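# Structure assessment
Below, each chain spelled out in residue letters.
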Amino acid sequence: MERDFIRQGLIHSGKANNVYATNYPDYLELESSDRILAGNGAKRDIILGKGVLNNKISSTIFKYLEENGIPTHFVCEGSNEASKIVRAAQMIPLEVICRLYAAGSFSKRYGLEGKKFSEPLIEYTYKSDLYGDPIIDRKTILAIPEKTLIKNERELNLIDYYTARTGLLLSKFYYELGIKLVDFKVEYGRISSDQIVLCDEISPDTCRLIDIETGEILDKDLFRKDLGDVGKGYSKVLRRITKKEK
Ligand code: UDP
């Protein structure tokens, strides 16, 4: 059903996104901002144009995942190039990390940088500014439903299934663009009491992406580790996606 969505007031300004109401109560407009943060906000900056790049990349990926059987909150493009319309969801406060290769905080814990995993490896952190986003395991997630909002094992299995499948689909998507997907983070929300869908964004802010031919880093590590021009890296990702779509 096609609807005319009209943006209304700002509901929430998060770390990287702004959320607006629309004329339909069950739909929101999500705008990617130019803000960039690392180290839990210790390092921050503005990268002009990043919001547009991330929104275009993420929207294309969400459409691709929907086409391949992963339910998401994505509905359609929004009122500007940095925004999209999404189903309103009750967010589940978990960051679900999926690793195809060892990197980042994994290698800090265990070494093995660059090791390829035989299947997507899933980890969770509990999203909480108060407790500093601690790593959380499956048993703890299920033991504290009042915090995690996960009602039972079946729901957690579904999240694992969607995440691992997203990992495989996304690896293929990027491989065809000459880019290696190392790892990424996703978030989920509930659009009805028994319907969990993929939410938030999947962009170079939330993935590790490496140019297969040159080894060039194309993601937020450019900012985290001062490795180069963030906008240039993200633009390269979008350019390859756009070229493939044509
Ligand atoms: N990630 C994210 N948001 C977070 C933490 C991690 O998007 O708050 C992404 C990150 O960009 C990487 C993956 O999740 O693609 C794995 O991150 P990791 O646990 O290695 O943490 P990092 O070393 O990036 O802090």
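Residue indices follow the written sequence of each chain, beginning from 1 at its first position. Whole-chain, interface and lining totals are the exception, using all residues; otherwise, since this is a predicted model, local features are given only for residues with pLDDT of at least 70 and side-chain atom pairs are given and counted only at 80 or more. As a rule here, side-chain values cover all heavy atoms of the structure and leave hydrogens and water aside.

## Overview of the packing of helix 1 (residues 50-67) against helix 5 (residues 153-175)
- The angle between two axes is taken between their N-to-C directions and runs from 0 to 180 degrees, where each axis is a line fitted to C-alpha atoms and a helix contributes only its stretch in contact. Numbering of helices and strands runs from the N terminus, with a helix taken as a DSSP run of H or I at least four residues long and a strand as a DSSP run of E at least two residues long. The geometry of helix 1 relative to helix 5 is characterised by a closest axis approach of 11 Å and an angle of 120 degrees between their N-to-C directions. Taken together, helix 1 and helix 5 sit at an angle that is classed as oblique. Considering the relative orientation of helix 1 and helix 5, their crossing is right-handed. Counting all contacts with helix 1, which are made through Ile57, Thr60, Ile61, Tyr64 and Leu65, the residues of helix 5 involved are Thr166, Leu169, Leu170, Lys172, Phe173 and Tyr174. Angle categories: roughly parallel below 35 degrees, roughly antiparallel above 145, roughly perpendicular from 65 to 115, and oblique for all the rest. Note: crossing handedness is left-handed where the near helix turns anticlockwise from the far helix by less than a right angle, and right-handed where it turns clockwise. By the convention used here, residues are in contact when the closest approach between their heavy atoms is within 4.5 Å.

## A look at the site of the ligand
- We call a residue near a molecule or strand as soon as one heavy atom of that residue lies within 4 Å of the molecule or strand. The environment of the ligand is formed by 14 residues, the closest being Arg99, Ser105, Asp183, Arg208 and Arg224.
- Arg99 is positioned with one of its side-chain polar atoms (N or O) 2.8 Å from an oxygen atom of the ligand.
- In the environment of the ligand, an oxygen atom lies 2.6 Å from a nitrogen or oxygen atom belonging to the side chain of Asp183.
- In short, Shrake-Rupley with a 1.4 Å probe defines the accessible areas, and a residue's cover is counted only from the protein chains shown. In isolation the ligand exposes 500 Å². Once the protein is present, 79% of that is buried.
- Of all the elements in the fold, those that place two or more residues in the shell around the ligand are strand 9 (94-101), helix 2 (104-110), strand 12 (179-192) and strand 14 (207-211).
- Throughout, the ten residues Ala, Val, Leu, Ile, Met, Phe, Trp, Tyr, Cys and Pro are labelled nonpolar, Asp, Glu, Lys and Arg are labelled charged, and all others, Gly among them, are labelled polar. Looking at the shell around the ligand residue by residue, the class counts come to four nonpolar, three polar and seven charged. For this analysis, a polar contact is any N or O atom pair within 3.5 Å, provided that within protein one partner can donate a hydrogen and the other can accept it, and provided that sequence-adjacent residues contribute only side-chain to side-chain pairs.

## A look at helix 7 (residues 230-245)
- How far a helix is expected to stretch is found by multiplying one less than its residue total by 1.5 Å. The end-to-end C-alpha distance of helix 7 is 23 Å, a good match for the 22 Å that 16 residues give at a rise of 1.5 Å each.
- Inspection of helix 7 places Val230, Gly231, Gly233, Tyr234, Val237, Leu238 and Ile241 among the buried residues, and these make up the whole buried set.
- Contacts from the buried residues of helix 7 go to strand 4 (35-38), helix 1, helix 5, strand 12, strand 14 and helix 6 (221-224).
- Capping the start of helix 7, Asp229 holds a side-chain oxygen 3.1 Å from the backbone nitrogen of Gly231, two or three residues further along. Relative accessibility under 20% of the residue-type maximum defines a buried residue, over 50% an exposed one, and the middle range a partly exposed one, all with a 1.4 Å probe and only protein chains included.

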